[in-house]
Structures are given as structure tokens and as C-alpha cells.
Amino acid sequence: TMNSSVRVRFAPSPTGPLHIGGLRTALFNYLFAKQNKGTFVLRIEDTDKKRYVNGAEKYIEEALEWVGIKSEEGPYRQSERKDLYKNHIQSLIDKGLAYYAFDEAEALDGHRKSHEAKGKTFIYNWHNRLKLENSLSLNKEEVEKKLIANEKHVVRFKSFENKTIVCKDLIRGELSVESKLLDDKILYKSDGMPTYHFANVVDDHLMNISHVIRGEEWLPSLPLHSMLYDAFGWEKPKFAHLPLILNPKGKGKLSKRDGDKLGVPVFPLLWNGEKGDLLGFREEGYLPGALTNFLALLGWNPGTEKEIFSMNDLVKNFDINKVNSSGAKFDVEKLKWFNHKYLQLERNEKIADHLICSYQELKTMKKELVISAVELTKERANTLNELWSLCSYLFIAPVNYNEKTLKKVSKDGTIETLNELSKKIEAINTFKENEISKLIKSWINESGKGFGNVMQPARLALVGELKGIDLYVIFEFLGKEESLSRLSALSKKIKTSLQ
Ligand code: GLU
């Protein structure tokens, strides 16, 4: 039920795969909307034709769906709302609060360079706008002529000349900026499309957005947005700028390259990019609940010891006023810790479904078997992918053996041992772990072979390396026939290597 006036929006630009920073922004908006029985709006900000990337919008929707964020409204697309922006820019021009600017790119470039040479920065605003080529400096006829001739132009905001712009942010408190330092930002580009700032403010107003929750990188735009609201005479929404997600060293925004170094993705899902595929958290075996729990705590501090928060817990406990203003360091170990916890909490049947879905080799296996493999091995897995490498030998006989171990056990005695072991295995009637363990242990004791001399080759035969769960449990899991076949495969392998 949507009965409150709280309306938030997630407003990504479809310029590539959604970064987890963007996903966190979506999450915080969603949590805030839910806990206030408000509305979460999805708005695609696609007015920048140059940066538009095919497939990005679909990716955003799939990523939100994967983590369980549902929008009540949208997606709206700004590219489908051009008339609205046109009308609104016209009204600002008519009121004298925005103006046409015809300056050529080279001319502006020249100004920039000559300023730079003097150690200054060129700012297009009240102090020089009358010396430049625009509808404030040119006379009416000239302007008309240029417009009729369709001369290339932009529309600029006539920034306030001498005002202290005071902005409020729910996380950062009050911020003030002197308008005389601001430039006359472009609101309309020469390609006839609104800029981000303009379309964003118009839409937030028209969509009745009550709270703008977005990343810290947009904080510098806040004074301009605030002036735009004032220019239109509109009431402002409340603003909350979320802290950046920093790399583990706390130096700079978490980048794709940081992720590579840490061995983790920075995107939720697989992205088939022009430069190749980028894996997402989903493909790397993370659970969506673990990811959202982890992301929620990047910047938000619940103020208690509680760390495991389901989506419902988050909705109940999240507090926008408790979001920190300083950057949040991305801690991979913590993420893995969360994923490990969520794997242990997840029903084995669901995990099994996931494995069956992801690994061809399991398609023909009985589901009960996969469930019991999960039960036996998940304790040591941080991710689903790790889980697969921890249990795959239960389904696939070793193709290659660990070289070092193979070398070590490659002697005539081993072949004999494996053959004797096989005979013992063959003779076991109740093929259950404790029975197998009892019989094999007493045989080893009687034979005086020594545990290592039996267990090492046996493990190598079953697993392919000296890893894995309790060997007797593996025997039981594989069953007599498969166990015997793996023992004999290693014995053959050793035979050929000794020839
Ligand atoms: N389109 C902007 C982005 O990609 C939206 C910023 C905002 O939420 O105002 O992040």
C-alpha cells in the first residue's frame, strides 16, 4: 500500500553496467521508501546520446530484480519526455532566467586557454556574460535572426549574481555556496537535449519526488539544482548525499581495477561489454541477500552489534539520519564473511538448485545427492563457486591427479595397497561411513601398512588431490562401485607411470 507522500527515485544513466555504488544508492532509496510506505520510482536518465550504451537499461532492471528491489513506478525514460523539458526551458527563457548562448566552442576554448596561461580559471557567468555571444549581450533582432537561421546554440542558466545559496542535506547538514563563484551552467545542449541538471530537476519536481537520495558525487551540483528550484518557484525536495564507496586503502572511489586486484567484481551481474565479459557478483557465486546486507552497511551504521540483516530487517532498521558523511571503505573480507554466513543460513535445497542450474555436470544427478553434497561441504565455502570446487569431486571422477602427490605415491607398494583396499571395499556389506571406517581402520592396523600409506593414495584416487572431507564419508557418498572404479583408475595410472 502506498499511502504516504514519500516518493523517491533511482535515476541511473544507462552508460554501462551498474556499479555496486549505484546499486547501494538504489538500495537506500528502496529501504527508505519501504519503511515510509512510500513509492520507489525508476527513472532512466538517457539524455546524453554520446554516453548511451545499449543493454545498460536492461542490465539495471535485471540487477535490481536479482537483489529484490522492485519499483512501483517506471521505468520512465527521459528520452521520451523531451516535450516537457522544452516547455520548461522556454518558460525560464521567457522569465529571463535562462538565455541562449551562441559562443563557438573554439572561442570558449580560447578563453579557457588564455585564462589558464595567467593561472586563472575561465568562468562563464555574471562577470563576463555581457562580453560573450548570447541573448543577453546581443540585441533582440540579432538573436531572432540566429535562432531562425538555426545557428548552433545552447541555453544557459542565468546564475544568481550575489546570493548565498544555502542547501540542506539530511546527512551533511547545511552547506552554503556564494553564487558569484558559480558558472552559468548549460541547461540545454546544442543537440536539442536537456543536460542532466535540467532534466533531473524538472523530473524530480514533476514526479513529486519528496527525497532525493543519491551519491556524494552529485553534491557539487546541489547549489545549481537549488537555484533551479528557486527560479521555477518550486518547493525543494529533501536531499541526502550518500558517502562514496572507497577502495580498501580509503584512497579514491572503488574502481574496476581495485576490484580486479582484490579478486572481486564491482558489478552485480555479468556484463557483455565491447572489451569482453565482466563477471558480476552473481557469477562469482555471491548471494543477493549477502550483497545487500553488505552494501547496506557501507555508509550506514545501525549503532548496534547486529550485523545480519535480511531485507525486511533492513527496511525496519535502516535510518537515513544515521548514514555517515565520510567515505565507506570496501572490505572484501567482510563481504566474504557475509556471503559465508548467508550460505550457511540458506536452505541446502536452494543452494543445490543453484548448483544444478549453473553446472552442466549436475544436470543428470539426483537432486538428493546434490543436496547432501551441499550439506557436507558448505561449511567451508565462502561463495557458491568455492562450494562447487569443494564438492565437485563427489560427482566427477578425477581426470588429473595432483602431480606432487602422484609422484610421491607412484611405487609398486601402492598398487598392491590399492588392490588390497579394493578387495576390502568390495567385501563391505553395509556401505555406510562408520562401517567402512571401522573395517578399513582395523585392516590397516592388522596389516601394519601405516595410515598414511593407505589414506594418501586412497584420497588421491577419490579426490585427485589431498583435499576434501572425511574419506569414509566420501566412500559412502560415491558408493561401492564408483569408489572401486576410482581406486582402480589410480592404480592403472601408477602402473603406466612406472613402466
Ligand atoms: N543520472 C544520474 C546518475 O547517473 C542521477 C543522479 C541523481 O540521482 O540525481 O547517477
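Nothing here was measured: the structure is a model prediction, and the numbers come from that model.

### Description of the site of the ligand
Okay, step 1: In the neighbourhood of the ligand, the contacting residues comprise R9, A11, P12, S13, E45, Y196, N200, R214 and W218.
Okay, step 2: At 2.9 Å from an oxygen atom of the ligand is found a side-chain nitrogen or oxygen belonging to R214.
Okay, step 3: The separation between an oxygen atom of the ligand and a polar side-chain atom of W218 is 3.3 Å.
Okay, step 4: A total of 290 Å² of accessible area belongs to the ligand in isolation, and the protein chains cover 84% of it.
Okay, step 5: Given that more than half its atoms are within 2 Å of the pocket grid, the ligand belongs to the largest pocket.
Okay, step 6: Within the shell around the ligand, the residues separate by chemical class into 4 nonpolar, 2 polar and 3 charged.

### What about the nonpolar core?
Okay, step 1: In this structure, F330, I425 and F475 are the most contacted members of the largest nonpolar core, which totals 106 residues.
Okay, step 2: Among the elements that make up this core, the one with the highest residue count is helix α19 (residues 471-498) (11 residues).
Okay, step 3: Counting 35 residues, the second-largest nonpolar core is a separate cluster that includes L92, A98, F102 and L187.

### Quick look at the packing of helix α6 (residues 196-206) against helix α7 (residues 222-232)
Okay, step 1: Running from N to C, α6 and α7 cross one another at 55°; their axes reach a closest spacing of 10 Å. Put simply, α6 runs oblique to α7. Handedness of the crossing formed by α6 with α7: right-handed. Side by side, α6 and α7 meet where Y196, H197, F198, N200, V201, V202, D204 and H205 of the first sit next to L224, H225, L228, Y229 and F232 of the second.
Okay, step 2: Split by residue class, the contact of α6 with α7 holds 8 nonpolar, 4 polar and 1 charged.

### What to know about the sheet that holds strand β5 (residues 154-157)
Okay, step 1: Judged by pairing direction, the sheet is antiparallel, and its 3 strands sit side by side in the order β4-β5-β8 without closing on themselves. The sheet is open, and its two edges are formed by β4 (98-101) and β8 (186-188), each paired on a single side. Across this sheet, the average inter-strand angle for adjacent strands is 45°, counted without regard to direction.
Okay, step 2: Both β5 and β8 contribute to a ladder of 2 bridges, which runs antiparallel. The residue bridging R156 from the neighbouring strand is I186, located in β8.
Okay, step 3: Packing of helix α3 (residues 82-94) onto the sheet brings it into contact with β4, β5 and β8, and relative to β8 it is tilted by some 125°.

### Description of helix α18 (residues 451-463)
Okay, step 1: With 13 residues, α18 should cover 18 Å at 1.5 Å per step; its first-to-last C-alpha distance of 17 Å lies within 8% of that length.
Okay, step 2: Packing partners of the buried residues in α18 comprise α15 (403-409), α16 (412-427), α17 (433-447) and α19.
Okay, step 3: The positive-phi residue at the C-terminal boundary of α18 is G464, with phi of around 95°.

### Some remarks on unusual backbone geometry
Most of the time, phi is negative for any residue but glycine, and the peptide bond is trans.
Okay, step 1: Here the bond from G74 into P75 is cis, since omega is 5°, no more than 30 degrees from zero.
Okay, step 2: Within the fold, P75 resides in strand β3 (residues 73-77).
Okay, step 3: The backbone phi angle of K37 is positive, close to 50°, even though this residue is not glycine.
Okay, step 4: Relative to the elements of secondary structure, K37 occurs in the loop between α1 (20-35) and β2 (39-44).
Okay, step 5: On the basis of relative accessibility, which here comes to 46%, the residue K37 falls in the partly exposed class.
Okay, step 6: Phi at N208 is positive, roughly 55°, even though this residue is not glycine.
Okay, step 7: Its location among the elements puts N208 in the loop between α6 and β9 (211-215).

### Description of the environment of F28
Okay, step 1: On the secondary structure map, F28 appears in helix α1.
Okay, step 2: Along the backbone, F28 and D319 are 291 residues apart, and their C-alpha atoms lie at a distance of 9.4 Å.
Okay, step 3: Excluding its chain neighbours within four sequence positions, the residues that come into contact with F28 are I213, L242, L295, A296, L298, W300, F318 and V323.

### Concerning the layout of surface pockets
Okay, step 1: Estimated volume of the largest pocket: approximately 1,000 Å³.
Okay, step 2: If you go around the largest pocket, you meet 40 residues; those closest to its centre are P12, S13, T15, E217 and W218.
Okay, step 3: When residues of the lining of the largest pocket are traced back to their parent elements, those giving at least two are β1 (7-10), α1, α6 and β9.
Okay, step 4: Here the element with the most residues in the lining of the largest pocket is α1; it accounts for 5 residues.
Okay, step 5: Counted by class, the lining of the largest pocket contains 16 nonpolar, 14 polar and 10 charged residues.
Okay, step 6: Estimated volume of the second largest pocket: approximately 810 Å³.
Okay, step 7: Lining of the second largest pocket is provided by 30 residues; of these, D103, A105, L108, V154 and I186 occupy positions nearest its centre.
Okay, step 8: Elements supplying a minimum of two residues to the lining of the second largest pocket: α4 (105-117) and β5.
Okay, step 9: Of the residues forming the lining of the second largest pocket, the biggest block, 5 residues, is contributed by α4.

### Topic: the packing of aromatic side chains
Okay, step 1: Applying the stated criterion to the full structure yields 21 aromatic pairs.
Okay, step 2: Residues F281 and Y286 carry aromatic rings whose centres are separated by 5.3 Å and whose planes lie at 85° to one another, so their mutual orientation is edge-to-face.
Okay, step 3: Residue class for F281 comes out buried when judged on its relative accessible area of 0%.
Okay, step 4: On the basis of relative accessible area, Y286 is assigned to the buried category, the value being 5%.
Okay, step 5: Cluster of aromatic residues (ring-pair linked, three or more members): Y188, F198, Y229, F232, W234 and F239.

### As for the pattern of salt bridges
Okay, step 1: Summed over all chains, the structure comprises 33 salt bridges.
Okay, step 2: With its nearest N and O atoms 3.1 Å apart, the salt bridge here joins K185 to D183.
Okay, step 3: K185 gets classed as partly exposed once you look at its relative accessible area, which sits at 30%.
Okay, step 4: We note a salt bridge from K334 to E307, for which the minimum N-O separation is 2.5 Å. Highlighted residues: K334 in helix α11 (residues 332-345) and E307 in the loop between α9 (288-296) and α10 (311-317), separated in sequence by 27 residues.
Okay, step 5: Owing to a relative accessible area of 26%, K334 belongs among the partly exposed residues under this scheme.
Okay, step 6: You can call E307 partly exposed: its relative accessible area is 27%.
Okay, step 7: Several salt bridges share partner residues, and in doing so they unite R9, R43, E45, R81, D203 and D204 into one network.

Cut-off values and rules
- Residues numbered from 1 in each chain as written.
- Predicted model: local features only at pLDDT ≥ 70, side-chain atom pairs only at ≥ 80, totals over all residues.
- Heavy atoms only, no water.
- Near = heavy atom within 4 Å.
- Polar contact = N/O pair within 3.5 Å; in protein donor to acceptor, adjacent residues only side chain to side chain.
- Areas by Shrake-Rupley, 256 points an atom, 1.4 Å probe, with all protein chains shown as cover.
- 1 Å grid on protein atoms, 1.4 Å probe; cavity = no way out; pocket = protein on both sides within 12 Å on 5 of 7 lines; lining within 4 Å.
- Sits in = over half its atoms within 2 Å of the grid points.
- Nonpolar A, V, L, I, M, F, W, Y, C, P; charged D, E, K, R; others polar.
- Core = buried A, V, L, I, M, F, W, Y, C linked by side-chain atoms within 4.5 Å.
- Buried < 20%, exposed > 50% of the residue type's maximum accessible area, 1.4 Å probe, protein only.
- Helix = DSSP H or I, 4+ residues; strand = E, 2+ residues; numbered from the N terminus.
- Axes fitted to C-alpha atoms, helices over the stretch in contact; angles between N-to-C directions.
- Parallel < 35°, antiparallel > 145°, perpendicular 65-115°, else oblique.
- Left-handed = near helix turned anticlockwise from the far one by under 90°.
- Contact = heavy atoms within 4.5 Å.
- Pairing = 2+ DSSP bridges.
- Expected span 1.5 Å × (residues − 1).
- Points joined across faces, edges and corners; volume = space filled by probe spheres on them.
- Phe/Tyr/Trp six-rings, centres within 6.5 Å; stacked < 30°, edge-to-face > 60°.
- Salt bridge = Lys/Arg side-chain N within 4 Å of Asp/Glu carboxyl O.

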